[in-house]
Amino acid sequence: MTEPAAVVEVTYTARKRLGLLGPAAEAVVEALRTELERTQQLGCRVRVLDRGAEVWVTRVEARANCPALSVTYAHLPHPAPPTCAIVSVVPDDSGNEGDEDDKG
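None of the values given here were measured: they were computed from a predicted structure. (Residues numbered from 1 in each chain as written. Predicted model: local features only at pLDDT ≥ 70, side-chain atom pairs only at ≥ 80, totals over all residues. Heavy atoms only, no water.)

Undergrad: I keep staring at unusual backbone geometry and nothing clicks. Help me out?
TA: The general pattern is negative phi for most residues beyond glycine and trans for most peptide bonds. Backbone torsion omega between His-78 and Pro-79 reads -5 degrees, so that peptide bond is classified as cis. Summarising the element assignment, Pro-79 is placed in the loop between strand S4 (69–76) and strand S5 (83–91). Following Ala-80, the chain continues into Pro-81 via a peptide bond in cis, with omega recorded as -5 degrees. Positionally, Pro-81 belongs in the loop between S4 and S5. In this structure, Arg-51 takes a positive phi of about 55 degrees despite not being glycine. (Helix = DSSP H or I, 4+ residues; strand = E, 2+ residues; numbered from the N terminus.)

Undergrad: Got a minute to help me understand the environment of Pro-91 in this structure?
TA: Locating Pro-91 in the fold gives a position in strand S5. In this structure the C-alpha to C-alpha distance between Pro-91 and Arg-17, which are 74 residues apart in sequence, comes to 9.9 Å. In contact with Pro-91, other than residues within four places in its own chain, are Arg-17, Leu-21, Pro-67, Ala-68 and Leu-69. (Contact = heavy atoms within 4.5 Å.)

Undergrad: How should I be thinking about the sheet that holds strand S3 (residues 54–60) in this particular structure?
TA: Each strand in a sheet pairs with its neighbour through backbone hydrogen bonds, running either in the same direction (parallel) or in the opposite one (antiparallel). In spatial order, the strands read S1-S5-S4-S3-S2; together these five strands make up an open sheet with mixed pairing. Of all the strands in the sheet, just strand S1 (7–10) and strand S2 (44–48) have a single pairing partner and so form its edges. Ignoring strand direction, the axes of neighbouring strands in this sheet form an average angle of 25 degrees. Two elements, S2 and S3, share four bridges in a ladder whose sense is antiparallel. Following the sheet pairing, Cys-44 is matched in S3 by Val-57. Against the sheet, helix H1 (residues 12–21) makes contact with S1, S4 and S5, and its axis sits at roughly 35 degrees relative to S5, the strand it touches most. Packing of helix H2 (residues 23–38) onto the sheet brings it into contact with S1, S3, S4 and S5, and relative to S4 it is tilted by some 30 degrees. (Pairing = 2+ DSSP bridges. Axes fitted to C-alpha atoms, helices over the stretch in contact; angles between N-to-C directions.)

Undergrad: For this particular structure, what's the right way to read the nonpolar core?
TA: Within soluble globular proteins, side chains that are nonpolar generally end up buried alongside one another. Residues Val-29, Leu-69, Val-71, Ile-86 and Val-89 are the most contacted members of the largest nonpolar core, which totals 19 residues. At the level of elements, S1, H1, H2, S3, S4 and S5 are the ones that each hand at least two residues to this core. The element that contributes the greatest number of residues to this core is H2, accounting for five residues. Setting aside chain neighbours within four positions, we find Val-29 in contact with Val-10, Leu-18, Leu-69, Val-71, Ile-86 and Val-89. (Core = buried A, V, L, I, M, F, W, Y, C linked by side-chain atoms within 4.5 Å. Buried < 20%, exposed > 50% of the residue type's maximum accessible area, 1.4 Å probe, protein only.)

Below is the structure:
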């Protein structure tokens, strides 16, 4: 097993939202957290903050018992080791333009 390249945590607020989304969403975000330990820059960078800190958003596709999710995280490269904090997890319906619920 290789050592993680970064320390990645899920904030209290994001964990509360995951609790509402259910165990499947918790498992999906845990898998993303593990992936972020190896590759800290997944998704789209949406903002650069002071001292090189970055805000990223990534989308996780829908799967059984879990809607598509939009996950926002902060990446802080300095000081070593790099750290990431998953700060927001929300359902992402951006790919559902053709769903029956959208009929007017």
